[in-house]
Amino acid sequence: IRSNELMSTSLLHSDLLFYRFSIEANNFQSLQLSVTPTKDGFWSKNMIDTLVVYFAEKIAVNPFKYNALISFLRILGAPKDILHQFINIMSFELKPDPRFQWSLKWFPLVPPVVQSQNNVLQPGMSGALFSNHKILFFIQLEHPSRPNNPVTIPMVFESQTGTTKRAGAELMPNDYMAQRIQNHFRHVTAQILETGGQPGPSSICNYI
(Lines give C-alpha, C1' and ligand atoms only; values in the text may rest on other atoms or scores of the structure.)
Protein backbone atom coordinates (compact mmCIF):
# COMPACT_ATOMS: atom_id res chain seq x y z
CA ILE A 1 0.00 0.00 0.00
CA ARG A 2 1.48 3.34 -0.97
CA SER A 3 0.66 6.61 0.69
CA ASN A 4 -0.02 9.82 -1.23
CA GLU A 5 3.00 11.53 0.29
CA LEU A 6 5.09 11.84 -2.88
CA MET A 7 4.55 8.11 -3.42
CA SER A 8 7.45 7.69 -1.00
CA THR A 9 6.04 5.31 1.60
CA SER A 10 5.03 1.66 1.41
CA LEU A 11 3.32 -0.21 4.20
CA LEU A 12 3.51 -3.90 5.01
CA HIS A 13 2.09 -5.73 7.98
CA SER A 14 1.78 -9.20 9.40
CA ASP A 15 0.03 -10.54 12.48
CA LEU A 16 3.16 -9.64 14.42
CA LEU A 17 4.65 -6.41 13.16
CA PHE A 18 3.83 -3.33 11.12
CA TYR A 19 6.52 -2.31 8.63
CA ARG A 20 6.93 1.09 7.03
CA PHE A 21 9.33 1.48 4.09
CA SER A 22 10.12 5.09 3.23
CA ILE A 23 12.09 6.48 0.31
CA GLU A 24 13.88 9.74 0.94
CA ALA A 25 11.70 12.14 -1.02
CA ASN A 26 14.38 14.55 -2.19
CA ASN A 27 16.51 12.21 -4.26
CA PHE A 28 14.80 8.79 -3.94
CA GLN A 29 18.18 7.20 -3.13
CA SER A 30 17.70 6.21 0.50
CA LEU A 31 15.31 3.43 1.52
CA GLN A 32 14.53 3.20 5.23
CA LEU A 33 12.57 0.77 7.38
CA SER A 34 10.67 1.41 10.58
CA VAL A 35 9.02 -1.38 12.58
CA THR A 36 6.13 -1.21 15.05
CA PRO A 37 4.90 -4.27 17.00
CA THR A 38 1.21 -5.03 16.57
CA LYS A 39 1.23 -7.02 19.82
CA ASP A 40 3.09 -6.07 22.96
CA GLY A 41 5.06 -8.34 25.23
CA PHE A 42 7.34 -10.26 22.88
CA TRP A 43 9.34 -7.95 20.63
CA SER A 44 12.12 -6.20 22.51
CA LYS A 45 13.65 -2.91 21.39
CA ASN A 46 16.83 -4.80 20.58
CA MET A 47 14.96 -7.14 18.21
CA ILE A 48 13.31 -4.21 16.43
CA ASP A 49 16.59 -2.33 16.18
CA THR A 50 18.30 -5.40 14.73
CA LEU A 51 15.76 -5.60 11.90
CA VAL A 52 16.04 -1.89 11.13
CA VAL A 53 19.84 -1.78 11.21
CA TYR A 54 20.21 -5.01 9.22
CA PHE A 55 17.93 -3.66 6.51
CA ALA A 56 19.87 -0.40 6.34
CA GLU A 57 23.35 -1.94 6.33
CA LYS A 58 22.86 -5.24 4.49
CA ILE A 59 19.79 -5.01 2.23
CA ALA A 60 19.16 -1.39 1.17
CA VAL A 61 22.74 -0.83 0.02
CA ASN A 62 24.61 -0.42 -3.24
CA PRO A 63 24.72 -2.39 -5.35
CA PHE A 64 21.03 -3.03 -4.67
CA LYS A 65 19.98 -6.65 -5.14
CA TYR A 66 16.26 -7.12 -5.71
CA ASN A 67 16.28 -10.81 -4.77
CA ALA A 68 17.98 -10.02 -1.47
CA LEU A 69 15.05 -7.73 -0.68
CA ILE A 70 12.63 -10.54 -1.61
CA SER A 71 14.39 -12.86 0.85
CA PHE A 72 14.22 -10.22 3.57
CA LEU A 73 10.50 -9.65 2.97
CA ARG A 74 9.82 -13.38 3.12
CA ILE A 75 11.50 -13.53 6.51
CA LEU A 76 9.48 -10.52 7.72
CA GLY A 77 6.28 -12.34 6.82
CA ALA A 78 7.27 -15.58 8.51
CA PRO A 79 5.66 -16.86 11.74
CA LYS A 80 6.93 -15.43 15.02
CA ASP A 81 9.30 -18.25 15.95
CA ILE A 82 10.95 -18.25 12.53
CA LEU A 83 11.33 -14.47 12.46
CA HIS A 84 12.82 -14.59 15.95
CA GLN A 85 15.43 -17.14 14.83
CA PHE A 86 16.49 -15.01 11.89
CA ILE A 87 16.67 -11.85 14.00
CA ASN A 88 19.15 -13.71 16.17
CA ILE A 89 21.19 -14.67 13.11
CA MET A 90 21.17 -11.05 11.94
CA SER A 91 22.39 -10.03 15.37
CA PHE A 92 25.28 -12.50 15.09
CA GLU A 93 26.26 -10.84 11.83
CA LEU A 94 25.91 -7.24 13.01
CA LYS A 95 27.68 -7.83 16.33
CA PRO A 96 30.19 -10.68 15.98
CA ASP A 97 31.10 -12.43 19.20
CA PRO A 98 34.89 -12.15 19.69
CA ARG A 99 34.88 -15.51 21.45
CA PHE A 100 34.06 -17.28 18.17
CA GLN A 101 36.77 -18.14 15.68
CA TRP A 102 34.36 -17.85 12.77
CA SER A 103 32.25 -14.85 11.81
CA LEU A 104 28.78 -15.58 10.49
CA LYS A 105 26.49 -13.93 7.99
CA TRP A 106 23.13 -14.79 6.50
CA PHE A 107 23.39 -14.97 2.72
CA PRO A 108 20.04 -13.83 1.28
CA LEU A 109 20.84 -15.06 -2.25
CA VAL A 110 21.60 -18.49 -3.65
CA PRO A 111 25.42 -18.46 -3.66
CA PRO A 112 27.28 -19.32 -6.87
CA VAL A 113 29.13 -22.20 -5.17
CA VAL A 114 25.93 -24.13 -4.44
CA GLN A 115 25.29 -27.12 -6.65
CA SER A 116 21.73 -27.82 -7.76
CA GLN A 117 20.39 -30.73 -9.76
CA ASN A 118 18.47 -29.71 -12.89
CA ASN A 119 19.44 -26.09 -12.17
CA VAL A 120 16.45 -25.68 -9.85
CA LEU A 121 18.41 -23.15 -7.82
CA GLN A 122 20.12 -20.49 -9.88
CA PRO A 123 22.89 -18.34 -8.36
CA GLY A 124 21.56 -14.93 -7.45
CA MET A 125 17.93 -15.94 -6.96
CA SER A 126 16.23 -15.47 -3.60
CA GLY A 127 17.97 -17.59 -0.98
CA ALA A 128 15.07 -17.88 1.47
CA LEU A 129 12.81 -20.62 0.10
CA PHE A 130 9.68 -21.76 1.96
CA SER A 131 8.02 -25.11 1.22
CA ASN A 132 5.87 -27.43 3.36
CA HIS A 133 6.86 -25.90 6.70
CA LYS A 134 10.53 -25.98 5.71
CA ILE A 135 12.88 -23.12 4.94
CA LEU A 136 16.00 -23.48 2.87
CA PHE A 137 18.52 -20.76 3.63
CA PHE A 138 22.24 -20.15 3.39
CA ILE A 139 24.84 -18.95 5.83
CA GLN A 140 28.43 -18.00 5.19
CA LEU A 141 31.25 -18.46 7.66
CA GLU A 142 34.48 -16.53 7.43
CA HIS A 143 37.75 -17.30 9.17
CA PRO A 144 40.96 -15.23 9.34
CA SER A 145 42.83 -18.13 7.76
CA ARG A 146 40.48 -17.99 4.73
CA PRO A 147 39.97 -14.23 4.20
CA ASN A 148 38.98 -14.58 0.55
CA ASN A 149 37.37 -17.98 0.74
CA PRO A 150 34.25 -18.03 2.94
CA VAL A 151 32.45 -21.30 3.63
CA THR A 152 28.87 -21.52 2.38
CA ILE A 153 26.47 -23.77 4.28
CA PRO A 154 22.96 -24.57 2.98
CA MET A 155 20.60 -25.34 5.85
CA VAL A 156 16.96 -26.37 6.29
CA PHE A 157 14.84 -25.16 9.19
CA GLU A 158 11.74 -27.26 9.91
CA SER A 159 9.24 -24.90 11.53
CA GLN A 160 6.91 -27.64 12.80
CA THR A 161 9.62 -29.33 14.86
CA GLY A 162 11.78 -26.25 15.49
CA THR A 163 14.87 -28.10 14.30
CA THR A 164 17.58 -27.21 11.82
CA LYS A 165 19.17 -29.80 9.57
CA ARG A 166 21.83 -29.73 6.93
CA ALA A 167 20.57 -29.49 3.38
CA GLY A 168 20.81 -32.45 1.07
CA ALA A 169 24.20 -33.46 -0.24
CA GLU A 170 23.17 -32.38 -3.73
CA LEU A 171 23.28 -28.74 -2.58
CA MET A 172 26.59 -28.94 -0.79
CA PRO A 173 29.47 -26.94 -2.22
CA ASN A 174 32.48 -28.99 -3.24
CA ASP A 175 34.38 -27.72 -0.23
CA TYR A 176 36.02 -29.98 2.34
CA MET A 177 35.67 -27.38 5.10
CA ALA A 178 31.96 -26.95 4.33
CA GLN A 179 31.49 -30.70 4.71
CA ARG A 180 33.32 -30.68 8.06
CA ILE A 181 31.21 -27.80 9.37
CA GLN A 182 28.04 -29.53 8.23
CA ASN A 183 29.05 -32.64 10.17
CA HIS A 184 29.82 -30.45 13.19
CA PHE A 185 26.34 -28.89 13.02
CA ARG A 186 24.82 -32.36 12.77
CA HIS A 187 26.52 -33.40 16.03
CA VAL A 188 25.51 -30.12 17.68
CA THR A 189 21.89 -30.72 16.66
CA ALA A 190 21.97 -34.19 18.22
CA GLN A 191 23.43 -32.80 21.45
CA ILE A 192 20.78 -30.09 21.74
CA LEU A 193 18.00 -32.62 21.13
CA GLU A 194 19.44 -34.93 23.80
CA THR A 195 19.19 -32.15 26.37
CA GLY A 196 15.58 -31.43 25.43
CA GLY A 197 16.29 -28.25 23.51
CA GLN A 198 15.24 -27.16 20.04
CA PRO A 199 18.17 -26.72 17.66
CA GLY A 200 16.89 -23.73 15.74
CA PRO A 201 19.22 -21.83 13.40
CA SER A 202 20.35 -19.30 15.98
CA SER A 203 20.95 -22.02 18.61
CA ILE A 204 23.28 -23.89 16.27
CA CYS A 205 25.10 -20.66 15.46
CA ASN A 206 26.16 -20.49 19.10
CA TYR A 207 28.50 -23.39 18.34
CA ILE A 208 30.52 -21.91 15.51
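The present account deals with the structure reproduced in this document. Computed from a prediction, not measured in an experiment: that's the story for all the values here.

Topic: the packing of aromatic side chains
Here comes step 1: Applying the stated rule across the entire model yields six aromatic pairs.
Here comes step 2: Between Phe 21 and Phe 55 the ring centres are 5.5 Å apart and the planes differ by 70°, which places this aromatic pair in the edge-to-face class. Linking Phe 21 in strand β2 (residues 17–23) with Phe 55 in helix α1 (residues 45–59), this pair joins segments that are 34 residues apart in sequence.
Here comes step 3: Owing to a relative accessible area of 10%, Phe 21 belongs among the buried residues under this scheme.
Here comes step 4: Note on Phe 55: relative accessible area 1%, which makes it buried.
Here comes step 5: Relative to Phe 137, the ring of Phe 86 has its centre 5.1 Å away and its plane inclined at 70°; by these criteria the two rings are edge-to-face.

Side note on helix α3 (residues 80–94)
Here comes step 1: Given a rise of 1.5 Å per residue, 15 residues ought to cover 21 Å, and the 21 Å separating the end C-alpha atoms of α3 matches this to within 8%.
Here comes step 2: Listed in full, the buried residues belonging to α3 are Ile 82, Leu 83, Gln 85, Phe 86, Ile 87, Ile 89, Met 90, Phe 92 and Glu 93.

Structural notes on the nonpolar core
Here comes step 1: Membership of the largest hydrophobic core comes to 47 residues, with the highest contact counts inside it found for Phe 72 and Trp 106.
Here comes step 2: Secondary structure elements with two or more residues in this core: β2, β3 (31–37), α1, α2 (66–76), α3, β4 (103–107), β6 (134–142) and β7 (151–158).
Here comes step 3: Excluding anything up to four places from it in sequence, Phe 72 contacts Leu 33, Leu 51, Tyr 54, Phe 55, Ile 59, Met 90 and Trp 106.

Observations concerning α2
Here comes step 1: Taken residue by residue, α2 has Ala 68, Leu 69, Ile 70, Ser 71, Phe 72, Ile 75 and Leu 76 as its buried positions.
Here comes step 2: Looking at the buried residues of α2, the elements they touch are β2, β3, α1, α3, β4 and β5 (129–131).

A few points about the pairing of β6
Here comes step 1: The buried fraction of β6 amounts to seven of the nine residues, a majority that puts the element mostly inside the structure.
Here comes step 2: Summarising the sheet, β4 and β6 pair through five bridges and their orientation is antiparallel. Within β6, the residue paired with Trp 106 across the bridge is Ile 139.
Here comes step 3: Bridge count for β5 against β6 is three bridges, and the pairing is antiparallel. Counted as the bridge partner of Phe 130 is Ile 135 from β6.
Here comes step 4: As consecutive antiparallel partners, β5 and β6 are separated by two residues, and within that stretch Asn 132 has a phi angle of approximately 50°, a positive value.
Here comes step 5: Where β6 and β7 come together, eight bridges link them in antiparallel fashion. If you follow Ile 135 over to β7, its bridge partner there is Phe 157.

Cut-offs applied
Residues numbered from 1 in each chain as written. Predicted model: local features only at pLDDT ≥ 70, side-chain atom pairs only at ≥ 80, totals over all residues. Heavy atoms only, no water. Phe/Tyr/Trp six-rings, centres within 6.5 Å; stacked < 30°, edge-to-face > 60°. Helix = DSSP H or I, 4+ residues; strand = E, 2+ residues; numbered from the N terminus. Buried < 20%, exposed > 50% of the residue type's maximum accessible area, 1.4 Å probe, protein only. Expected span 1.5 Å × (residues − 1). Core = buried A, V, L, I, M, F, W, Y, C linked by side-chain atoms within 4.5 Å. Contact = heavy atoms within 4.5 Å. Pairing = 2+ DSSP bridges.

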